[in-house]
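Coordinate inspection notes
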Amino acid sequence: MLYSAPRSVILSHLPFDKTNVIMTTSDSQSEIKGLQDHDPKVVGEIYDRYFPEIYRYALYRIGDQTAAEDIASDVIVRLLEASKSGHPPRSNLRGWLIGTASHVVTDHLRRKYSRPTESLSDSLADPGPEPASQLDRRETHRAVHSAYARLTSDQQHVLALRFGQGYSIEETAALINKKVNAVKALQFRALASLQRELGEVDDE
Amino acid sequence: MNDLMEILETCLQELDKGRNVESILTAYPEKSNQLRPLLTAAQRAREISVPDPGPEVIRRGRAKVMQHAMELRERQPVANKRAIPMVQRLAFSFVVAALLVVSGTGLVRASSYSLPGENLYSVKRSWEGLRLLLALDEDIRSDLEFEFENERLEEVSELISEGRTETIQFAGVFMEVNGMPYVSGVPILITENTQLPDQVVEVGSSVIVLGHTNKQGIVEVEKLELLPQGTIVPVGSPVEVEDKLDGEGNANDAEGSEIDSKVDNGFDDNVNSHGNGNDNNENENLNENNSNGNGSNSGSSHSGGGDDDDGDSGSGGGGDDDDDD
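What you are looking at is a predicted structure, and each value in this text was computed from that prediction instead of being measured.

**Overview of the overall build of chain A**
In terms of regular secondary structure, chain A is built from eight helices and zero strands. Ordered by position from the N terminus, the helices and strands of chain A form the series α-α-α-α-α-α-α-α. Taken across its 204 residues, chain A has 43% of its residues classed as buried. Partitioning the intrachain contacts of chain A with sequence separation of at least 6 by distance along the chain shows that 73% fall at a separation of at least 24.

Dropping the structure here:
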């Protein structure tokens, strides 16, 4: 199944140069044309440009390297298939990819929780002797992941973009096709929830 | 509340610049109690950010994506190449429809046994084209396409058993028996003039063969194209020689055994000629033993030990040796 592309983002309202993060429409379109032909050069360039980013996004959200790897290549394969079936992203390729990655991650988590095997944080654990400081850091990571995993999808999404990927508030807004103020509100609630969940983890 | 969201964003930007939480909060003494936990949470969220994937992960993902892109790219031209353009299809079907009105369906029936190069062959192909055109359902159309691909393979088998020279095109599975190339049981000859795909054609790949049959009963290949992996193509009849040979041959045999082996005799002759052309005497001997059918025991002397069972069970002569499996 293919996810529909998010509506194209209006780039003109952005107050600063976004070419680093959000491709200009013409860039996108020349790449999308190359994608429709499955030109190996274009596919390779798109892969090189976006795969690491999608991988980090997926890994941040699910904390499982193997699954993140599968999801990242799956998202690019979906882009190829969408282009072939005549429904390529019209602009903002990165937004489309991140949006699709978010859907695929949500699906993955839903399936994972419908047949739970191990807790999210367990998959990060690597038993074996290690220095106490490293052990502490790992414990902290597990606690934060565990708290993060209890947030809503939207909250996880905004935190992954803002703090996992390091996008600015404007970049995040453009990627998720929301107004900057709406993202500020979402970020506020997400951090408040994370803090609350962290408190509860500490109490356990 | 809106103010607090704005201030939080300003503080986060300060945090990005490397300032610590307490020094940022000095600017907002009244809100510091509300802001402190949020900024701490932001720091935690940043701490769990992950590094870029390693080269191995990138390489694996790249291979997967490029493989998929290649499959998608190949699927497109194959479909286009084999489909007749819409306008031509319509013109084509009008001609056929007119022919049918004039001559009735007797012509179509008569044409159904025709082979490439014969007068009625174009009627046969037109009728197939018309049936495809009228098949609106995707499943029915792919069933028909498969049926017609089988028909192409049978035509080639008949042409080579009659030793006729005709231009042909058919799809099938690439195999090798005793080092000789076959496509779905049809012996093929690859020369230096043959256009081959860039990739290595592996045994078991689905391919399209363009070429012509020759008097020796071999298809001289002008062009060999790879079809995307998993494309369903006719498997054809088994190649007889490998009955007494090892695993690879038997695997082909097993595939072929599901199909009616009506052109077996033709194949034996063909393979003989093939062997002669390449001075492969052992091949030739094996073929002779095989074509005798009951001569399996003498055949086993060529293929080493452990074949006594085969010799016993293979006494059917010319049939498929299912006991091997």
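**Let's talk about the overall build of chain B**
Looking only at helices and strands, chain B has 13 helices and five strands in total. Across the 325 residues in chain B, those meeting the buried criterion constitute 33%. Here the analysis covers contacts within chain B between residues at least 6 apart in sequence; of these, 61% occur between residues at least 24 apart.

**Section: the pairing of strand 1 (residues 167-177) of chain B**
Residues and elements named next belong to chain B. In terms of burial, strand 1 is a largely internal element, eight of the eleven residues being buried. When strand 1 meets strand 4 (residues 206-213), the two strands line up antiparallel, connected through seven bridges. By the bridge assignment, Thr-167 is partnered in strand 4 with His-212. Of the strand pairs in this sheet, strand 1 and strand 2 (residues 180-183) are connected by four bridges, and their pairing is antiparallel. Its bridge partner being in strand 2, Glu-176 is matched across the sheet by Pro-181. Taking the residues that link successive antiparallel strands as the turn, the strand 1-strand 2 hairpin has two residues, and the phi of Asn-178 there is positive, at about 50 degrees.

**Remarks on the nonpolar core**
Membership of the largest hydrophobic core comes to 63 residues, with the highest contact counts inside it found for Ile-54, Ala-58, Val-75, Ile-76, Leu-97, Ala-101 and Leu-194 of chain A. Counting residues per element, this core draws most heavily on helix 2 (residues 40-62) of chain A, which supplies twelve residues. Sequence-distant contacts of Ala-58 of chain A, that is, excluding residues within four places in its chain, are made with Ala-68, Ile-71, Ala-72, Ala-101 and Val-105 of chain A. Residues Phe-170, Val-209, Ile-218 and Leu-226 of chain B belong to the second largest nonpolar core, which totals 28 residues.

**Observations regarding the interface of chain A and chain B**
With 34 residues of chain A in contact, the opposing surface of chain B contributes 30 residues. For the side of chain A that touches chain B, the elements supplying multiple residues, two or more each, are helix 2, helix 3 (65-84), helix 5 (132-148), helix 6 (153-164) and helix 8 (180-203) of chain A. Ranked by residue count, the leading element in the side of chain A that touches chain B is helix 2 of chain A, at ten residues. Here the residues of the side of chain A that touches chain B are counted per class, giving 23 nonpolar, seven polar and four charged.

**What to know about the confidence of the model for chain A**
The pLDDT averaged across chain A works out to 79; a share of 75% of its residues lies at or above 70. No element of chain A has a lower mean pLDDT than helix 1 (residues 25-36) of chain A, which averages 65, and none a higher one than helix 6 of chain A, which averages 95.

**Looking at the packing of helix 2 of chain A against helix 3 of chain A**
Residue and element names in this part refer to chain A. Direction vectors running N to C along helix 2 and helix 3 enclose 140 degrees, while the axes themselves pass 8 Å from each other. Considering their axes alone, helix 2 and helix 3 lie oblique with respect to each other. Considering only the axes of helix 2 and helix 3, their crossing is right-handed. Mapping the contact onto sequence places Val-43, Ile-46, Tyr-47, Tyr-50, Phe-51, Ile-54, Tyr-55, Ala-58, Leu-59 and Ile-62 in helix 2 and Gln-65, Ala-67, Ala-68, Glu-69, Ile-71, Ala-72, Val-75, Ile-76 and Leu-80 in helix 3. Considering only residue class, the contact of helix 2 with helix 3 consists of 17 nonpolar, one polar and one charged.

**Thoughts on the sheet that holds strand 2 of chain B**
Residue and element names in this part refer to chain B. If you walk around this closed barrel you meet the five strands as 1-2-3-5-4, and the pairing is mixed. For this sheet, the mean inter-axis angle between neighbouring strands, taken without regard to orientation, is 55 degrees. Those strands touched by helix 8 (residues 138-161) are strand 1, strand 3 (186-195), strand 4 and strand 5 (219-226), and its axis lies near 85 degrees from that of strand 1.

**Section: helix 7 (residues 121-134) of chain B**
Spacing of three or four residues puts side chains on the same side of an α-helix, whose turn is 3.6 residues. Residues and elements named next belong to chain B. The terminal C-alpha atoms of helix 7 lie 20 Å apart, and with 14 residues this matches the ideal 20 Å at 1.5 Å per residue to within 8%. For helix 7, the full list of buried residues reads Val-123, Lys-124, Trp-127, Glu-128 and Leu-130. End-on view of helix 7: buried residues confined to an arc of 160 degrees, all on one side of the axis.

**What to know about the pairing of strand 4 of chain B**
All names here are of chain B. For strand 4, a buried count of six out of eight residues is recorded, marking the element as mostly surrounded by other parts of the structure. Both strand 4 and strand 5 contribute to a ladder of seven bridges, which runs antiparallel. If you follow His-212 over to strand 5, its bridge partner there is Glu-220. Hairpin connection, strand 4 to strand 5: the antiparallel pair is bridged by five residues, and Gly-217 has positive phi, about 80 degrees.

**Describing helix 6 of chain A**
Residues and elements named next belong to chain A. Of all twelve residues in helix 6, nine are buried; the element is thus mostly enclosed. Taken residue by residue, helix 6 has Gln-156, His-157, Val-158, Leu-159, Ala-160, Leu-161, Arg-162, Phe-163 and Gly-164 as its buried positions. Gly-166 sits one or two residues past helix 6 and shows a positive phi near 75 degrees.

**Remarks on unusual backbone geometry**
Residue and element names in this part refer to chain A. At Asn-177, a residue that is not glycine, the phi angle is positive and equals roughly 60 degrees. Topologically, Asn-177 is positioned in the loop between helix 7 (169-176) and helix 8. Of the residues examined, Asn-177 has 15 C-beta atoms within 10 Å and is grouped as partly exposed.

Parameters at a glance
Residues numbered from 1 in each chain as written. Chains lettered and ligands numbered in written order. Predicted model: local features only at pLDDT ≥ 70, side-chain atom pairs only at ≥ 80, totals over all residues. Helix = DSSP H or I, 4+ residues; strand = E, 2+ residues; numbered from the N terminus. Buried ≥ 20, exposed ≤ 12 C-beta atoms within 10 Å, placed from the backbone. Contact = placed C-beta atoms within 7 Å. Pairing = 2+ DSSP bridges. Core = buried A, V, L, I, M, F, W, Y, C linked by C-beta atoms within 7 Å. Nonpolar A, V, L, I, M, F, W, Y, C, P; charged D, E, K, R; others polar. pLDDT = per-residue confidence, 0-100. Axes fitted to C-alpha atoms, helices over the stretch in contact; angles between N-to-C directions. Parallel < 35°, antiparallel > 145°, perpendicular 65-115°, else oblique. Left-handed = near helix turned anticlockwise from the far one by under 90°. Expected span 1.5 Å × (residues − 1). Arc of directions from axis to C-beta.

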